Amino acid sequence: MKWRPIITGGLICAAGAGVVLWVIHARLVGHWLQVHTGTVDETGPYYGFWSGFGSDLTEFGIIGAIATGVYQLVRKYNCHQPGCWRVGNHPAAGGQFSLCYRHHPDYQGKKPTQELIQRLHREHLERQALTRGGLHEAHERLMARPAAGDGGSGPGAPATPAASNGTTQAGAGALT
Ligand SMILES: [Zn+2]
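Rules of the game
- Residues numbered from 1 in each chain as written.
- Predicted model: local features only at pLDDT ≥ 70, side-chain atom pairs only at ≥ 80, totals over all residues.
- Heavy atoms only, no water.
- Donors = N, O, S within 2.8 Å, 3.2 Å for Na, K, Ca; no water.
- Tetrahedral: all angles 85-135°; square planar, octahedral: opposite > 155°, others 65-115°.
- Buried < 20%, exposed > 50% of the residue type's maximum accessible area, 1.4 Å probe, protein only.
- Helix = DSSP H or I, 4+ residues; strand = E, 2+ residues; numbered from the N terminus.
- 1 Å grid on protein atoms, 1.4 Å probe; cavity = no way out; pocket = protein on both sides within 12 Å on 5 of 7 lines; lining within 4 Å.
- Points joined across faces, edges and corners; volume = space filled by probe spheres on them.
- Nonpolar A, V, L, I, M, F, W, Y, C, P; charged D, E, K, R; others polar.

A. A look at the coordination of the zinc ion. Protein coordination at the zinc ion comes from C79 (SG), C84 (SG), C100 (SG) and H103 (ND1), with a distance range of 1.9 to 2.3 Å. Taken together, the 4 donor atoms coordinating the zinc ion span angles of 103 to 118° at the metal, a pattern that classifies the geometry as tetrahedral. Positions of the donor residues of the zinc ion along the chain correspond to the pattern C-x4-C-x15-C-x2-H. C100 gets classed as buried once you look at its relative accessible area, which sits at 1%. The exposure class assigned to H103 is partly exposed, which follows from its relative accessible area of 29%.

B. Summary view of unusual backbone geometry. Phi at A93 takes a positive value of approximately 55°, unusual for a residue other than glycine. Inspection of the secondary structure puts A93 in the loop between β1 (90-92) and β2 (97-99).

C. Here's a closer look at the layout of surface pockets. Considered as a void within the structure, the largest pocket measures approximately 450 Å³ in volume. Considering the residues around the largest pocket, the lining is formed by 17 residues, among which L11, I12, A67, V70 and Y71 are closest to the centre. Ranked by residue count, the leading element in the lining of the largest pocket is helix α1 (residues 3-37), at 8 residues. Taken together, the residues that form the lining of the largest pocket break down as 12 nonpolar, 3 polar and 2 charged. Its volume calculated, the second largest pocket comes out at about 210 Å³. In terms of residue class, the lining of the second largest pocket is built from 5 nonpolar, 2 polar and 3 charged.

Below is the structure:
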């Protein structure tokens, strides 16, 4: 179903009606104020403009700013699948896409069940342990080589706290 054009059209119509109502209302209030504050007889070269259409310019600006903000929010949190209007808060492909549960490839079009959540969590931990194990091995090899030469602390030093931290985290994850 093509929901996007229908919703967009409805929003534009509502916004237009809102603008018209606001402008009419502002004009009436403005006129009432002019009559009751006694400024209606004031004249000047730009008076007609600033009390007429000119006084509505700020309102158009405010409406435009609100509409832009709403549009940006929708673009940010909307599912990245074309034509989908759900909130996409499931990252896919390492955070490149935010997808709703229906379009996320891991969920197969259904809401994630308890079983699926546990399985994906387990797989995630295993993957992390694997990559950390690989990093650790690479780090050991790096450290073994420059031990003979004396200047190897430069590249090896920043990796040390991260690697040790990673192994303790993986260990804690395996225990629970
Ligand atoms: Zn979606």
